[in-house]
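Descriptive structure summary
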Amino acid sequence: MLDLHKRYGDIVRIAPDELAFSHQDAWKDIMGHKNGQPEMAKANWFYRPLDEPLHIVNEDIGEHKRLRRQMAHGFSEKSMRDQEPMIRKYVDMLLERLRENCEKGSVVISDWYNFTTFDIIGDLAFGESFGCLEGCNYDDWIKGIFEGAHLGSILQALSFVPSLKKILLSLVPKKMQEAHQKHKVMTKEKMLRRIDITEERPDLIEGLLKKKDELNLDVDKLVSNAEILIIGGSETTASLLSGVTYLLLQNPESHQTLKDEVRSTFNSEEEINLISVNQLSYMLACLDEAMRMYPPIANGLPRVCPKGGSQVLGEFIPENTNLSIHQWALYRREEYFKDPNTFHPERFLGDTEFMNDRRDVFQPFHLGPRNCLGRNLAYSEMRLILALIIFNFDMKIADESRKWIEQRNFLMWEKGPLKVYLTPRTSDS
Ligand code: HEM
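Residues numbered from 1 in each chain as written. Predicted model: local features only at pLDDT ≥ 70, side-chain atom pairs only at ≥ 80, totals over all residues.

The name that an unreviewed UniProt entry assigns to the chain is Cytochrome P450 monooxygenase, with the source organism given as Penicillium frequentans.

**A look at the overall build of the chain**
Helix and strand counts for the chain come out as 16 helices and twelve strands. Taking 429 residues into account, the globule formula puts the C-alpha radius of gyration at 22 Å, and the chain, at 22 Å, falls close to it. The principal-axis extent of the C-alpha atoms belonging to the chain is close to 65 × 55 × 40 Å. Sorting the 429 residues of the chain into buried and exposed places 39% on the buried side. Within the chain, counting contacts between residues at least 6 apart in sequence, those at least 24 apart form 72% of the total. (Helix = DSSP H or I, 4+ residues; strand = E, 2+ residues; numbered from the N terminus. Rg over C-alpha atoms; globule rule 2.2 N^0.38 Å. Buried ≥ 20, exposed ≤ 12 C-beta atoms within 10 Å, placed from the backbone. Contact = placed C-beta atoms within 7 Å.)

**Considering the UniProt feature "binding site: heme" (unreviewed entry) in the chain**
With numbering matched to this structure, UniProt assigns "binding site: heme" (unreviewed entry) to C372. When neighbours within four sequence positions are excluded, C372 is seen to be in contact with F365 and H366. (UniProt positions renumbered as here; feature names shortened; annotations may be inferred.)

**As for the sheet that holds strand β9 (residues 393–397)**
Spatially, the three strands line up as an open sheet ordered β4-β12-β9, and their pairing is antiparallel. The outermost strands of the open sheet, each flanked by one partner alone, are β4 (107–108) and β9. Sheet topology note: the β9/strand β12 (residues 419–424) ladder contains five bridges and is antiparallel. Paired with F393 across the strands is P424, a residue of β12. On the sheet, helix α12 (residues 219–250) packs against β9 and β12 and is oriented at approximately 80 degrees with respect to β9. (Pairing = 2+ DSSP bridges. Axes fitted to C-alpha atoms, helices over the stretch in contact; angles between N-to-C directions.)

**A closer look at unusual backbone geometry**
In the Ramachandran plot, C136 falls in the positive-phi region, its phi being about 55 degrees despite a non-glycine side chain. For C136, the position within the fold is in the loop between α7 (132–135) and α8 (140–158). Residue C136 is classed as partly exposed on the basis of its C-beta count, with 13 C-beta atoms lying within 10 Å. For N216, which is not glycine, the phi torsion reads 60 degrees and is therefore positive. With respect to the helices, strands and loops of the structure, N216 is situated in the loop between α11 (206–210) and α12. Owing to 10 C-beta atoms within 10 Å, N216 belongs among the exposed residues under this scheme.

**Things to note about the site of the ligand**
Not every one of the 24 residues close to the ligand is listed here, only the nearest: G233, T236, C372, G374 and A378. Of all the elements in the fold, those that place two or more residues in the shell around the ligand are α12 and α16 (375–392). The greatest single-element share of the shell around the ligand, amounting to six residues, is contributed by α12. The residue makeup of the shell around the ligand, split by class, is 15 nonpolar, seven polar and two charged. (Near = placed C-beta within 6 Å. Nonpolar A, V, L, I, M, F, W, Y, C, P; charged D, E, K, R; others polar.)

**Some details on helix α6 (residues 109–126)**
An ideal rise of 1.5 Å per residue puts 26 Å on 18 residues; α6 measures up with 25 Å between its terminal C-alpha atoms. With 17 of 18 residues buried, α6 lies mostly within the body of the structure. One or two residues past the end of α6 sits G127, with phi positive at roughly 80 degrees. (Expected span 1.5 Å × (residues − 1).)

**Digging into the sheet that holds strand β2 (residues 18–21)**
Taken in spatial order, the five strands line up as β1-β2-β8-β5-β3 in an open sheet, and their pairing is mixed. Bordering the open sheet on either side are β1 (11–15) and β3 (41–42), each of which pairs with just one other strand. Two strands pair when backbone bridges link them, and β3 and strand β5 (residues 303–304) are joined in this way by two bridges, in the antiparallel orientation. Across the sheet, the residue bridging to A41 is V304, located in β5.

**Considering the pairing of β2**
Sheet topology note: the β1/β2 ladder contains four bridges and is antiparallel. From the neighbouring strand, R13 faces β2, where its bridge partner is L19. Between the antiparallel neighbours β1 and β2 lie two residues.

**Examining the environment of G148**
Summarising the element assignment, G148 is placed in helix α8. Judged by C-beta crowding, with 16 C-beta atoms within 10 Å, G148 ranks as partly exposed. When the C-alpha positions of G148 and H255 are compared, they lie 35 Å apart, and in sequence the two are 107 residues distant.

**A short note on the packing of helix α10 (residues 174–196) against α12**
With their axes 9 Å apart at the nearest point, α10 and α12 run at an angle of 100 degrees to one another. By the angle between their directions, the pair α10 and α12 is classed as roughly perpendicular. Between α10 and α12, the contacting residues are T187, K188, M191 and L192 on the first element and V219, L222, V223, A226 and E227 on the second. Grouping the constituent residues of the contact of α10 with α12 by class yields six nonpolar, one polar and two charged. (Parallel < 35°, antiparallel > 145°, perpendicular 65-115°, else oblique.)

**Focus on the nonpolar core**
Looking at soluble globular proteins, one finds that nonpolar side chains tend to be buried together. Of all hydrophobic cores here, the largest spans 74 residues; its most connected members are A125, A226, V244, A290, L386 and A387. Filtering out sequence-adjacent residues up to four positions away, A290 remains in contact with L240, G243, V244 and L247. In this structure, F21, A329, L330 and V361 belong to the second largest nonpolar core, which totals 21 residues. (Core = buried A, V, L, I, M, F, W, Y, C linked by C-beta atoms within 7 Å.)

**Observations concerning the packing of helix α13 (residues 252–265) against α16**
It is the contact of α13 with α16, at a shortest axis distance of 9 Å, that shows an interaxial angle of 95 degrees. It follows that α13 is roughly perpendicular to α16 by the angle criterion. Together, L258, K259, V262 and R263 of α13 and A387, I390 and F391 of α16 make up the contact between the two elements. For the contact of α13 with α16, the residue count by class is five nonpolar, no polar and two charged.

**Observations regarding the confidence of the model for the chain**
Predicted coordinates in areas of low pLDDT are best not read in detail. When pLDDT is averaged across the chain, the result is 93; 99% of the residues are at 70 or more. Across the interfaces of the predicted complex, the ipTM metric reaches 0.99, alongside a pTM of 0.95. (pLDDT = per-residue confidence, 0-100.)

Here it is, written out as structure tokens:
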């Protein structure tokens, strides 16, 4: 996509009825609030490759509004403060596991980040963790999710050839069909256990449970919403934590500046919490710069131009055209960011060297009525985890991980193991 935009400019036709945009104003034209004009719907071939119960991310426009209003309660400032003990419990367990494991040689920090964010979101969406940190491995349910994402990309592509898709789906081996069924049963059981908890719980699903009759949410729909929270709320943050760790370890000066910031701001681990990490401005710049170079949602998520067509970047776009913005390609363009292939957190701190950067191009959480509900939670969780790791450990990258960032992407990054050496900090270091 980057090569295409470099060659053909800000708008590229990538299929007979699909356009890719690479310009700051495309965000509001495609995804922004429309002031009375129809919102652009999400493309079914991409968001609904299988006929499964819908959820907040792929619901139709009207139903989405109702779901979002209700789900938003779980993402309020107050809810987040109430969720802190749940989150902290897993971060403390992560630190404990890292201390136990770092003496045996390098640790695969990318796995540990995934274990932590999955356990946190499991608790916040289903009322129970996946036991990843406890068992030091991925739970079967999560393995099913990863396999599903890979398959999802293939199914999306097959949506263009429905007859072939139908034939191939009928040929799916029995073993795979059984695994899918098992996954569904396990998920339903998890949700039933959550529904059985009668006392109020400040998690992300409580809002939906309170209004489940009014919103017509049966168990399958609740499951489907919880599942999308798990996928959207764990792989994204885990990828970024791995990405920022890699980029810091490859850029020792930035790593040192961040260590100085964290270690001079806090005297003890207990001082580090969801609120106090907000003071760490250099850390926020590191996270943003990592999100620019390694955006968790790297590819375009297509919208469909409504009936009667619409204007985008001053051009008339006919109805039913698919439109998307590909983040990775957008953020690597020299027109928008100086020295785009190098890690410079300073560009997010007002450094005059980067004053010509187009900061408004950068929308990792999208904007408009379907932007990320979990943005604040994501930032807080990532800052808390990173601050505690930087406070407690010195880190060095293992030589075999020096090219870790060269990855393929199937909806999510195909992360290889990111191996690092950790040395616990002693009281005088
Ligand atoms: C770095 C981390 C994250 C990034 C970059 C990110 C990015 C995004 C993006 C781009 C969307 C829009 C998807 C679309 O247009 O189809 C989205 C939606 C959403 N995200 Fe996130 N996300 C992150 C973390 C989280 C977390 C931790 C949660 C909490 C569980 C979360 C919950 C959601 C929800 C519920 C939506 C759907 C909102 C709606 O449709 O109204 N996200 N996210």
